[in-house]
Amino acid sequence: MNLLKIALLQIAPCKTLKENLEKGIRYCTEAKEKGADIALFPEMWSSGYRIYDRPVEEWKAEAISADSDFVQAFGELAGTLHMAVGITLLEKYENAPRNSLILFDRFGERKLSYAKVHTCDFDVERHLTPGEDFYVTTLDTACGELKTGAMICYDREFPESARILMLKGAELILVPNACPMEINRLTQLRARAYENMTAIATCNYPESVPDCNGGSSVFDGVAYLPELEHSRDTCILQADGKEGIYIAGLDLDQLRNYRRREVHGNAYRHPKKYGLLVDTQINAPFIRNDYREN
């Protein structure tokens, strides 16, 4: 086995940026002590995703730069610990903040910056700037190079998000989250992993955080093995609701062998027949007055 150890930091935020920095560093250090190769935070860790039931201008003022001391501290920590770190933040950006993830590799190099594309425009996230695209990077890990992408929370509810990442080569998709991980959302993650033959690691806030319930998970996307008569459960980690570090071992050799032989992903697609998928027209019953094109 070529096991990549993914640490999901299912932890509750504090009241200040400084406290979140200190707690984040503490938990990353503990994750490394447990053997982690990658540590992932829940959605918008810098502010604890505290954007509901507050004045918009108040939480907007908590946005920080992608080059802030907070973000750079996690880059330096990644290099010191020799562990990749996916840190999340309310990112200061032009006219309105973004909901972002920055991934540092084990040498402390910034490898990926991603802003949530599918902002929840039916609610307070309409005050955020959506991201422009989905990105995949080659992450140098102790297990070798790994094609890694990201999507954030609501992005998971659109098959196109994971599909584009798969088409760009992603073997692992990191998913920071901040909402209840109930059966239907877990089913979405299972489906995204299954249909794309891609591992998906999701980190949520624990049940002590309002409107969250833990349930962080890793689906490895490997549904069938030659030695098994029936399909297997692709869920290799399912956290409970408690605060803590949850570590999954992702067998990269098994995943890659599976991707080379099985029928999903991009093996038998017919994209020339999918033209309607890029049609921008929206018809009833799906018309919403708060929809944003960009």
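Anyway, here's the lowdown on the structure attached to this text. If you're wondering where the values come from, they're calculated on a predicted model, not measured in any experiment. (Residues numbered from 1 in each chain as written. Predicted model: local features only at pLDDT ≥ 70, side-chain atom pairs only at ≥ 80, totals over all residues. Heavy atoms only, no water.)

1. Observations regarding the sheet that holds strand S9 (residues 199-203)
One open sheet accounts for six strands, arranged S6-S7-S8-S9-S10-S11; its pairing is mixed. Two strands bound the open sheet, and with one partner strand each, they are strand S6 (136-141) and strand S11 (235-238). The average undirected angle you get between the axes of adjacent strands in this sheet is 20°. Note that S6 and strand S7 (residues 144-150) share six bridges and pair antiparallel. The residue bridging Leu139 from the neighbouring strand is Leu146, located in S7. Across the face of the sheet, helix H5 (residues 183-196) comes into contact with S9, strand S10 (217-219) and S11 while running at roughly 30° to S10. (Pairing = 2+ DSSP bridges. Helix = DSSP H or I, 4+ residues; strand = E, 2+ residues; numbered from the N terminus. Axes fitted to C-alpha atoms, helices over the stretch in contact; angles between N-to-C directions. Contact = heavy atoms within 4.5 Å.)

2. Quick word on H5
In a regular helix each residue adds 1.5 Å, so 14 residues correspond to 20 Å; H5 covers 20 Å between its end C-alpha atoms and thus fits that length. Residues of H5 that are buried include every one of Leu186, Gln188, Leu189, Arg192, Ala193 and Asn196, and no others. The arc that holds every buried residue of H5, seen down its axis, measures 150°, which confines them to one face. Seen from the buried face of H5, the exposed residues on the opposite side, beyond 90 degrees, are Ile183 and Asn184. At the N-terminal end of H5, a side-chain oxygen is found 2.9 Å from the backbone nitrogen of Asn184, two or three residues along, and the residue is Glu182. (Expected span 1.5 Å × (residues − 1). Buried < 20%, exposed > 50% of the residue type's maximum accessible area, 1.4 Å probe, protein only. Arc of directions from axis to C-beta. Polar contact = N/O pair within 3.5 Å; in protein donor to acceptor, adjacent residues only side chain to side chain.)

3. Some words on a nonpolar patch on the surface
On the surface, a nonpolar cluster with roughly 440 Å² of combined accessible area is contributed by Ile282, Phe286, Ile287 and Tyr291. Within the fold, Ile287 resides in the segment after helix H6 (252-261). (Patch = residues over 30% accessible without salt bridge, like charges linked within 9 Å, V, L, I, M, F, W, Y side chains within 5 Å. Areas by Shrake-Rupley, 256 points an atom, 1.4 Å probe, with all protein chains shown as cover. Salt bridge = Lys/Arg side-chain N within 4 Å of Asp/Glu carboxyl O.)

4. Considerations on the packing of aromatic side chains
Applying the stated criterion across every chain, the model contains nine aromatic pairs. Measuring from ring centre to ring centre gives 5.8 Å for Tyr49 and Tyr52, while their planes differ by 50°; the resulting arrangement is tilted. Assessed through its relative accessible area of 11%, Tyr49 is described here as buried. By relative accessible area, which is 32% here, Tyr52 ends up partly exposed. Arranged with centres 5.2 Å apart and planes meeting at 65°, the rings of Phe70 and Phe74 form a pair that is edge-to-face. Of this pair, Phe70 and Phe74 both sit in helix H3 (residues 69-81), four residues apart, which is roughly one turn of the helix. (Phe/Tyr/Trp six-rings, centres within 6.5 Å; stacked < 30°, edge-to-face > 60°.)

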